[in-house]
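Listed here are the chains, written in short residue letters.
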Amino acid sequence: MAGQRKKVVVMIPTYNEGGNIEALIQQILALPLEYDLSILVVDDNSPDRTGELVTRLAEKDTRVNVLIRKKRRGRGAAGIEGFKKSLSSEPDYVIEMDGDGSHQPRFIPALLEQARQDHLVIGSRFVKGGQDADRPLFRRFITFLVRNFIRRQFHLPVQDVSSGFRCFRREVLEKIALDDLISTGPSVVLEILYKAHLLNFKIAEVPITFVDRKKGKTKLTMLKLFETLLMTFKFKRIYQASIPKPAA
Ligand SMILES: Nc1nc2c(ncn2[C@@H]2O[C@H](COP(=O)(O)OP(=O)(O)OP(=O)(O)O)[C@@H](O)[C@H]2O)c(=O)[nH]1
Ligand SMILES: [Mg+2]
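The residue count restarts for each chain, going from 1 along the sequence in the order it is written. A letter from A marks each chain and a number from 1 marks each ligand, given out in the order of writing. Local features are withheld for residues below a pLDDT of 70 in this predicted model, meaning they are given only at 70 or higher, and side-chain atom pairs are given and counted only at 80 or more; totals for whole chains, interfaces and linings count all residues. With hydrogens and water set aside, each side-chain value is computed from the structure's full complement of heavy atoms.

Let's talk about the pattern of salt bridges
Note that side chains of opposite charge can pair when their charged atoms are close. What counts as a salt bridge is simple: a side-chain nitrogen of Lys or Arg found within 4 Å of a carboxyl oxygen of Asp or Glu. Counted under the stated rule, the structure contains 14 salt bridges. Glu81 is the partner of Arg69 in a salt bridge, and the nearest nitrogen-oxygen pair spans 2.8 Å. Of the two residues, Arg69 sits in the loop between strand 3 (64-68) and helix 3 (75-87) while Glu81 sits in helix 3, which places them 12 residues apart along the sequence. For each residue, the accessible area found with a 1.4 Å probe, counting protein chains only, is set against the maximum for its type, and the residue is called buried under 20%, exposed over 50%, and partly exposed in between. Classification of Glu81 by relative accessible area gives partly exposed; the value is 34%. With its nearest N and O atoms 3.2 Å apart, the salt bridge here joins Asp132 to Arg135. Overall, Asp132 belongs to the buried group, its relative accessible area being 13%. Assessed through its relative accessible area of 5%, Arg135 is described here as buried. Look at the salt bridges and you will find they share partners, linking Glu17, Asp100, Arg213 and Lys219 into a network. Here a strand is any run of E in DSSP of at least two residues, a helix any run of H or I of at least four, and the numbering for each starts at the N terminus.

Structure follows, in structure tokens:
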């Protein structure tokens, strides 16, 4: 019965994804899922009018929603606001994914299936069956360096620490204190993962194939990457100070 279906919100931060977002939304809506699914696109007033495009789609289908942020810009701040808005409809699960086509909706059923057992499920390129498919060698090299650096710094029981394709049980986002997160940029992905780990939530990974964006440009510049790494040092210091020390 429709009333008993579990609720899922798919939250997608976008900036200039006008060439990608419509096809992505159609693919998500076409998934054969036994869930009450809706989509929330969080756009930072993209100059390419991604927000207006999604607004038109939302007028035609009530499952599509858009939040257009007029002032602040940033992947992290957009994601946090998107999670907060998603929680207001009391969903069972919130999925986050990129709007550039790199995260394929066909993996959503596997994320949801695994979330029946685990609190946070990561779509992972680096577990058996996962792939970082057709991205340029240089881009994969950056991912390799970042991944190794982060795994060494944070000791997380996770292979794909920078994946932004994930499914959260609502309680994870409720306990994580979204208002206290300090990341405004892409480091928000790691900050949330780290907090979930410190809160002892059960984290699992399911394999995904990550494909290169088909249209539009990356927003991950070298400067942003550098800022992201600096931010990781900052929140590591803050959160490690809050971990109680074992009694001597
Ligand atoms: N709302 C909002 N979304 C953003 C912002 N920056 C990036 N995004 C979105 O966040 C997602 C990931 O950004 P990407 O530029 O694809 O970065 P990436 O996936 O790390 O890098 P590539 O896949 O190599 O391009 C995409 O859906 C972007 O449109 C931002 O400032 N505000
Ligand atoms: Mg991308």
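So, the packing of helix 7 (residues 188-198) against helix 8 (residues 222-241)
Orientation is described by axes fitted as lines to C-alpha atoms, over the contacting stretch for helices, and by angles from 0 to 180 degrees between their N-to-C directions. Taken N-terminus to C-terminus, the directions of helix 7 and helix 8 make an angle of 20°; their axes are 11 Å apart at the nearest point. Looking at the two axes, helix 7 sits roughly parallel to helix 8. The two elements helix 7 and helix 8 cross, and the hand of that crossing is right-handed. Where helix 7 abuts helix 8, its residues Leu190, Glu191, Tyr194, Lys195 and Leu198 lie against Thr232, Phe235, Lys236, Tyr239 and Gln240. Split into classes, the residues belonging to the contact of helix 7 with helix 8 amount to five nonpolar, two polar and three charged. Orientation categories follow fixed angle ranges, with anything under 35 degrees roughly parallel, anything over 145 roughly antiparallel, 65 to 115 roughly perpendicular, and all other angles oblique. The hand of a helix crossing depends on one turn: near helix anticlockwise from the far one by less than a right angle means left-handed, and clockwise means right-handed. It only takes one pair of heavy atoms within 4.5 Å for two residues to be counted as in contact. Note that Gly is not counted as nonpolar here; it falls among the polar residues with everything else outside the nonpolar set of Ala, Val, Leu, Ile, Met, Phe, Trp, Tyr, Cys and Pro and the charged set of Asp, Glu, Lys and Arg.

Observations regarding helix 3
Helix span is expected to be 1.5 Å times the residue number reduced by one. Taking 1.5 Å as the rise per residue, helix 3 with 13 residues should run 18 Å; its terminal C-alpha atoms sit 18 Å apart, in good agreement. Within the span of helix 3, buried status applies to Gly76, Ala77, Ala78, Gly79, Ile80, Gly82, Phe83, Ser86 and Leu87. Looking at the buried positions of helix 3, the neighbouring elements they touch are strand 1 (6-14), strand 2 (35-43), strand 4 (93-96), strand 7 (166-169), helix 6 (170-175) and helix 7.

Considerations on the site of ligand 1
It suffices for a single heavy atom of a residue to lie within 4 Å of a molecule or strand for the residue to be listed as near it. Surrounding ligand 1, one finds 19 residues, the nearest of these being Pro13, Glu17, Arg73, Gly99 and Asp100. N or O atoms within 3.5 Å of each other form a polar contact, as long as, within protein, one can give a hydrogen and the other can take it, and as long as residues adjacent in sequence are counted only when both atoms are side-chain atoms. Between an oxygen atom of ligand 1 and a main-chain N or O atom of Tyr15, the distance comes to 2.9 Å. Between Lys219 and ligand 1, the recorded distance is 2.8 Å, taken from a backbone N or O atom to an oxygen atom. Values of accessible area rely on a 1.4 Å probe in the Shrake-Rupley scheme; residue burial ignores everything except the protein chains shown. Protein burial of ligand 1: of its 630 Å² of free accessible surface, 92% is covered by the chains. Tallied by class, residues from the shell around ligand 1 come to five nonpolar, four polar and 10 charged.

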